Each structure stands twice: as C-alpha cells, then as structure tokens.
Amino acid sequence: MTESPISVFERLVDAGPSTATRPTLDTACVLGGSIAGLLAARVLADHARRVVIVERDEVGTEGRSRAGVPQDQQVHSLLPAGRLWIERWLPGFTQEAQDLGAVLASPEQALTCFDGHPQAPGGAHALLGASRPFLESRLRARVLALSNVSTVRSRATGLLYRNDAVSAVRHTTGHGEEVLETDFVVDAMGRSSRLSEWVHSDGYDKPRLERLPSGINYASALFERSTQAEDLPVACSLVVYSPPYPAGGTGVAAVNAIEDDKWLALLVGFGEDRPGASVEDFRAVCEELPPIYREAARGASAREVVTYRQADSRRRGFTGLGRFPARLVSVGDAVASFNPVYGQGMSSAALHASCLSEFLQGDPQLDRQAGEFFQLQEVVVDAAWAVSAGGDAVRLDTENGVEVPEEVRQQRWALQQVIGATVVDGSIAKAFNNVSFMLRHPLTLADPLLLERAVAANQTALTGGATP
Ligand SMILES: Cc1cc2nc3c(=O)[nH]c(=O)nc-3n(C[C@H](O)[C@H](O)[C@H](O)COP(=O)(O)OP(=O)(O)OC[C@H]3O[C@@H](n4cnc5c(N)ncnc54)[C@H](O)[C@@H]3O)c2cc1C
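Reading the values: rules and limits
- Residues numbered from 1 in each chain as written.
- Predicted model: local features only at pLDDT ≥ 70, side-chain atom pairs only at ≥ 80, totals over all residues.
- Heavy atoms only, no water.
- Near = heavy atom within 4 Å.
- Polar contact = N/O pair within 3.5 Å; in protein donor to acceptor, adjacent residues only side chain to side chain.
- Areas by Shrake-Rupley, 256 points an atom, 1.4 Å probe, with all protein chains shown as cover.
- Helix = DSSP H or I, 4+ residues; strand = E, 2+ residues; numbered from the N terminus.
- Nonpolar A, V, L, I, M, F, W, Y, C, P; charged D, E, K, R; others polar.
- Domains from an automatic or database assignment.
- Contact = heavy atoms within 4.5 Å.
- Buried area = accessible area lost by both parts, 1.4 Å probe.
- Salt bridge = Lys/Arg side-chain N within 4 Å of Asp/Glu carboxyl O.
- Pairing = 2+ DSSP bridges.
- Buried < 20%, exposed > 50% of the residue type's maximum accessible area, 1.4 Å probe, protein only.
- 1 Å grid on protein atoms, 1.4 Å probe; cavity = no way out; pocket = protein on both sides within 12 Å on 5 of 7 lines; lining within 4 Å.
- Points joined across faces, edges and corners; volume = space filled by probe spheres on them.
- Axes fitted to C-alpha atoms, helices over the stretch in contact; angles between N-to-C directions.
- Left-handed = near helix turned anticlockwise from the far one by under 90°.

Peer 1: What is the right way to look at the site of the ligand in this model?
Peer 2: Around the ligand there are 33 residues in total, and Ser34, Glu55, Ser77, Arg132 and Asp333 lie nearest to it. In this structure, an oxygen atom belonging to the ligand sits 2.6 Å away from a side-chain N or O atom of Glu55. Between Ala156 and the ligand, the recorded distance is 2.9 Å, taken from a backbone N or O atom to a nitrogen atom. Considering the ligand on its own, with 1,000 Å² of exposed area, one finds that the protein chains cover 95% of that surface. Mapped onto the shell around the ligand, the elements with two or more residues apiece are helix 2 (35-44), strand 2 (48-55), strand 8 (155-162), strand 16 (306-317) and helix 9 (345-361). Class assignment of the residues belonging to the shell around the ligand gives a composition of twelve nonpolar, 14 polar and seven charged. Each of domain 1 (5-97 + 134-211 + 315-380) and domain 2 (104-128 + 212-310) gives at least three residues to the shell around the ligand.

Given below as structure tokens:
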C-alpha cells in the first residue's frame with residue numbers, strides 16, 4: 001500500500017540522526033553554505049568521511065549580513081518544525097542561541113491576529129526570535145565544529161560526471177578554476193541556483209520550473225528594545241489583514257524581539273502597496289496596529305528601513321526526469337521558494353535535510369538518479385506549496401475577479417471557516433497552527449469533523465454564544 005502524504009510528512013518531521021557507524025561516502029560536497037546547505041552538511045557528516053561546503057561569500061560565525069543572501073535583513077521567523085528539527089540534530093542549539101541573546105517567546109508571549117481578532121490559545125509552541133544572519137551564524141558554528149566538515153570560499157561553476165553520476169565539482173576561487181573530486185553533491189545554491197542549466201547543457205533533462213506571481217513588498221525596520229524579553233507581554237507577533245487594512249495597504253505585519261535587545265519589525269504590502277519605506281512611515285503604520293507594534297516602533301531606530309520585493313514563488317520538479325545524473329540532489333530554496341510571509345523556507349530546508357537523512361539511511365542505489373530522495377522531498381514541497389501558493393491564488397483570483405470551479409470554491413470556503421474559527425476555538429487554532437508551523441500535513445485540515453466544529457464555532461461566535 002502506498003504511504004499517505006500525511007504519514008510520510010510526519011515521519012520526516014520526527015526523523016532523527018543516523019545510527020550508522022560506517023560512512024558510505026568518501027567526499028560529499030555541498031554547494032552553498034547558507035541554511036539549507038549547512039543542514040544538509042550536518043546530515044552528510046553522518047554518512048561521509050569528509051564534507052566540503054563550497055560557498056562563494058566570505059562567511060564566518062559573526063552573524064553579518066552578506067551579498068549571497070539578499071533577504072537576510074528581513075524578518076525571519078523560524079517555525080516550530082524547523083526549530084525542533086535543528087534541535088534534534090544539533091542538541092542545545094536553542095539554549096546556545098538564547099545565551100547569546102535570541103529570545104524564546106513562550107506560547108503566552110506569541111500574538112497572532114486575523115483582521116484584528118487575536119487567535120485563541122492554540123498549542124504549546126515556543127518561537128525563537130532572532131535575525132536571519134544570527135541564526136545562520138549559530139548553525140554554521142555548530143556544523144563547522146564537526147570534525148569532518150569544512151568550508152571553501154569559492155564559486156561553484158559546474159559538474160563533471162563518470163558513468164552518468166556526478167564525480168567532481170568545478171569551482172573558481174578567483175585564482176583560476178579548480179576541480180574537487182566528490183562522490184555525492186548537494187545543490188543548496190538558493191533560489192537562483194544554476195544547477196538546472198548546468199545539467200541541461202551537459203545533456204541531461206532540465207527540472208521543470210513552475211512560477212506563481214506573488215508581488216510581495218517587504219519592509220523591515222530595527223528598533224532598540226528597553227524591556228527584558230522575560231518581562232514582555234508579547235515577544236513575537238504576526239497580524240494578517242484581508243483585505244489590507246491600515247495606512248499604505250498593510251496586508252501582513254510582524255514583530256519579533258531578537259538578539260542585542262532589538263525589535264525587528266516587518267510590514268508587507270501586495271502589488272502596488274509598499275507600506276513603511278521610511279522609518280517615519282513605518283512608525284505611522286505601527287501606530288494603527290496592536291499595541292506591541294507601537295511600543296516596538298517607539299524605540300530608537302537602529303538602522304534605515306530595508307525593503308525587498310519578491311515577484312514570484314518558484315518550484316523546480318525533479319521527479320520523473322528521464323535522464324538526470326546520479327549522486328546529485330538539490331535542497332532548500334534551490335528546489336522551492338515560497339511566498340515568504342508564510343515563513344516556511346528555513347523549516348522546509350530542515351525537512352529536506354530530513355529527506356536526505358532518510359534516503360541515505362535506506363541503503364540507496366547511489367549509481368542511479370536519487371528518485372527516492374526526490375519523491376520524499378516532493379511530499380514536503382507539495383505541503384508547503386499548498387499553503388503558500390493556495391493563499392496567493394485566493395488573493396490573486398479575488399483581485400482579478402476570476403471565477404473558480406465549484407470544487408475549488410468549496411475548498412476555499414472550508415479553509416475560511418477553519419481560519420475564522422481559530423479566533424474563537426483553541427482546538428481549531430491548534431490544528432491550524434500545526435499545519436502553518438509545518439508540524440503536520442495540510443491535508444489534516446480537510447477533516448469533515450474539524451470543518452463541522454469550525455462552522456459551529458463561527459455560528460456560535462456570530463450569535464454571541466460561547467464555543468463548546
Ligand atoms: C523576504 C524574505 C523573507 C523570508 N522570511 C522567512 C521566514 O520568516 N522564515 C523562513 O523560514 N524563511 C524565510 N524566508 C526564506 C529563507 O530566506 C530561505 O528559505 C532560507 O534562507 C534558506 O535558503 P537556502 O539556504 O536554500 O538559500 P539561500 O539562503 O538563498 O543561500 C544560498 C547560498 O548559496 C550561495 N551560492 C549561490 N550560488 C553559489 C555558487 N555558484 N557557488 C557557491 N555558493 C553559491 C549563496 O552565497 C548563499 O550562501 C524568507 C525569504 C525572503 C525572500
């Protein structure tokens with residue numbers, strides 16, 4: 001019997017490190033040393049004699065912003081699935097981050113609102129507040145502390161093959177091209193990875209590229225925080241407005257207490273709406289949001305507002321390719337990069353690493369294309385895509401007046417019932433959060449009993465009664 005996506009997904013979320021004692025690979029090479037590359041390197045360290053990360057930027061463990069990750073000054077929320085998985089693979093990660101100033105917001109310190117209504121308490125997940133460079137630097141410190149993992153500053157430029165399997169990576173350090181012999185390659189070169197073009201020009205099939213317009217405008221601002229994290233009534237918050245509500249058309253706003261006694265705050269607009277491009281504009285919008293946004297934005301500004309526009313969500317399809325090199329996989333944004341407001345990227349990268357671990361522990365046929373890996377990964381990508389692209393499709397269809405088929409209309413109505421009920425019913429908030437935190441598969445929300453409860457909760461709320 002074929003395993004359901006729900007069960008595959010849960011297995012991957014719960015996966016732990018390998019118990020294998022003998023490496024099956026000699027040299028494994030990871031292209032790109034950001035979040036996805038570092039997590040893949042952690043997995044490979046259990047299976048290879050040595051792991052070499054090829055990263056074109058100068059990277060250290062200081063947590064600085066860098067050119068290769070242009071989004072890194074924007075608010076980044078690490079979902080509970082991503083944090084749990086990192087913790088399982090790098091035990092003590094959360095405590096170390098806290099010791100260096102990151103803020104672990106308790107469930108009581110997390111505020112989520114839909115159209116001005118706070119979500120009912122829904123589950124006991126703590127959320128780690130930190131900047132993206134800080135998270136990456138802490139991961140790097142832990143992964144490079146493994147005795148068999150090292151990093152080379154160089155730009156990967158292509159692959160070499162033997163018997164239709166990758167056998168070496170070409171890379172350039174600026175002093176000419178070098179060749180690194182390897183017996184397994186992981187592409188973690190992010191959204192703009194050139195891997196598809198490389199393999200295609202080498203005579204292999206090109207993975208299918210799918211794009212969905214998202215037209216997202218981010219603006220993140222950094223403010224000084226004078227209140228200690230443990231004394232904050234709210235240390236992390238997400239608010240969503242549909243349609244966009246306050247000044248400048250804010251669709252989503254977020255604020256996180258982070259390291260160095262700072263608040264990192266975010267305003268998001270869609271299409272032509274670009275809220276908060278200057279500190280003054282930013283503060284003006286925050287005045288109209290829940291009190292914690294006002295409080296954060298009244299702190300001294302610690303840098304100019306940084307904006308970022310993302311035109312589309314993208315995914316590349318690696319399953320069902322007729323001809324594709326063996327000993328080669330792709331992870332993280334190189335495979336799929338979503339509408340960032342759903343905060344799925346880093347947790348997806350963690351789950352891709354989990355797929356890699358399961359693949360390598362399963363006695364894989366390394367001289368054939370890594371079909372089993374790509375099938376597992378597709379379950380994770382489909383799940384994240386359903387949440388991100390599903391939400392965008394509703395917004396775009398509504399904006400463009402698109403008539404959708406009856407079946408789609410009913411699915412969207414059902415999801416609206418569930419989302420609506422999260423503000424009045426804690427058990428529905430918990431089911432919804434488990435999906436949005438990537439702990440459970442989105443199909444778990446398609447449960448008729450959950451829908452029945454959501455409809456009843458919404459009706460009770462409308463008539464002013466209490467939810468059973
Ligand atoms: C505006 C915005 C906000 C986001 N917010 C969130 C959030 O709240 N939560 C969340 O989980 N995710 C978020 N994401 C997604 C998140 O940034 C990524 O998913 C995450 O960084 C993992 O990406 P990655 O490691 O796959 O790729 P990247 O972080 O893009 O890194 C790719 C790496 O590859 C290197 N590289 C590229 N080409 C080469 C080459 N030829 N040779 C060697 N090295 C190379 C680059 O220098 C870089 O280090 C957001 C994204 C955006 C755009």
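On we go from here.
Peer 1: What's the story with the domain arrangement of the chain in this structure? I'm lost.
Peer 2: Interface extent is often summarised as the accessible area lost during association of the parts. If you check the domain split of the chain, you get domain 1 (5-97 + 134-211 + 315-380), domain 2 (104-128 + 212-310) and domain 3 (403-462). One C-alpha centre belongs to domain 2, the other to domain 3, and the line joining them spans 25 Å. Domain 2 puts ten residues into the contact, and the matching count from domain 3 is 13 residues. Counting the surface domain 2 buries against domain 3, the share from its top three residues, Phe114, Gln119 and His125, is 49%. The interface formed by domain 2 and domain 3 holds zero salt bridges in total. Among the residues making up the side of domain 2 that touches domain 3, the classes are represented as five nonpolar, five polar and no charged.

Peer 1: For this particular structure, what's the right way to read the pairing of strand 10 (residues 177-181)?
Peer 2: A regular strand places its side chains so that they alternate between the two faces of the sheet. Relative to strand 10, strand 9 (residues 165-172) runs antiparallel, the two being bridged by five bridges. By the bridge assignment, Val169 is partnered in strand 10 with Leu180. In this antiparallel pair of consecutive strands, strand 9 and strand 10, the connection spans four residues, and Gly174 shows a positive phi of 100°.

Peer 1: Explanation requested: the pattern of salt bridges in the structure shown.
Peer 2: Two side chains bearing opposite charge may form a pair once their charged atoms approach each other closely. Under the defined criterion, the tally for this structure stands at 30 salt bridges. Glu197 is the partner of Lys206 in a salt bridge, and the nearest nitrogen-oxygen pair spans 3.6 Å. For Glu197, a relative accessible area of 27% corresponds to the partly exposed category. Bridged by salt links that share partners, the residues Glu55, Asp57, Arg66, Arg132, Glu136 and Arg140 form one connected network.

Peer 1: Just to check I follow, could you spell out the layout of surface pockets for this structure?
Peer 2: Remark: the empty space left among the atoms is shown by a probe the size of a water molecule rolled over them. Its boundaries defined by the atoms lining it, the second largest pocket holds a volume of some 310 Å³. As for the second largest pocket, its lining consists of 22 residues, and the residues nearest its centre are Gly63, Ser131, Pro133, Phe134 and Glu259. Broken down by secondary-structure element, the contributors of at least two residues to the lining of the second largest pocket are helix 5 (132-144) and strand 15 (262-270). Top contributing element to the lining of the second largest pocket by residue count: helix 5, with five residues. Counted by class, the lining of the second largest pocket contains six nonpolar, seven polar and nine charged residues. When residues are assigned to domains, the lining of the second largest pocket turns out to be shared by domain 1 (5-97 + 134-211 + 315-380) and domain 2 (104-128 + 212-310), each giving three or more.

Peer 1: Looking at this structure, I do not really get the sheet that holds strand 8. What am I missing?
Peer 2: Across a sheet, paired strands are connected by hydrogen bonds in the backbone, their directions being either parallel or antiparallel. With respect to topology, three strands assemble into an open sheet ordered 8-9-10, the strand pairing being antiparallel. Lying at the two open borders of the sheet, with one neighbouring strand each, are strand 8 and strand 10. On average, adjacent strands in this sheet sit at an angle of 30° to one another, irrespective of strand direction.

Peer 1: It is not clear to me how the packing of helix 2 against helix 3 (residues 80-89) should be interpreted in this structure. Could you clarify?
Peer 2: Axis angle and axis distance: for two packed helices, these are the angle between their axes and the distance between the axes, and together they describe the pair. Interaxial distance between helix 2 and helix 3 falls to 11 Å at its minimum, and their mutual angle equals 35°. Of the two elements, helix 2 crosses helix 3, and the hand of that crossing is left-handed. Listed contacts from helix 3 to Leu39, Arg42 and Val43 of helix 2 are Trp85, Ile86 and Trp89. Among the residues making up the contact of helix 2 with helix 3, the classes are represented as five nonpolar, no polar and one charged.

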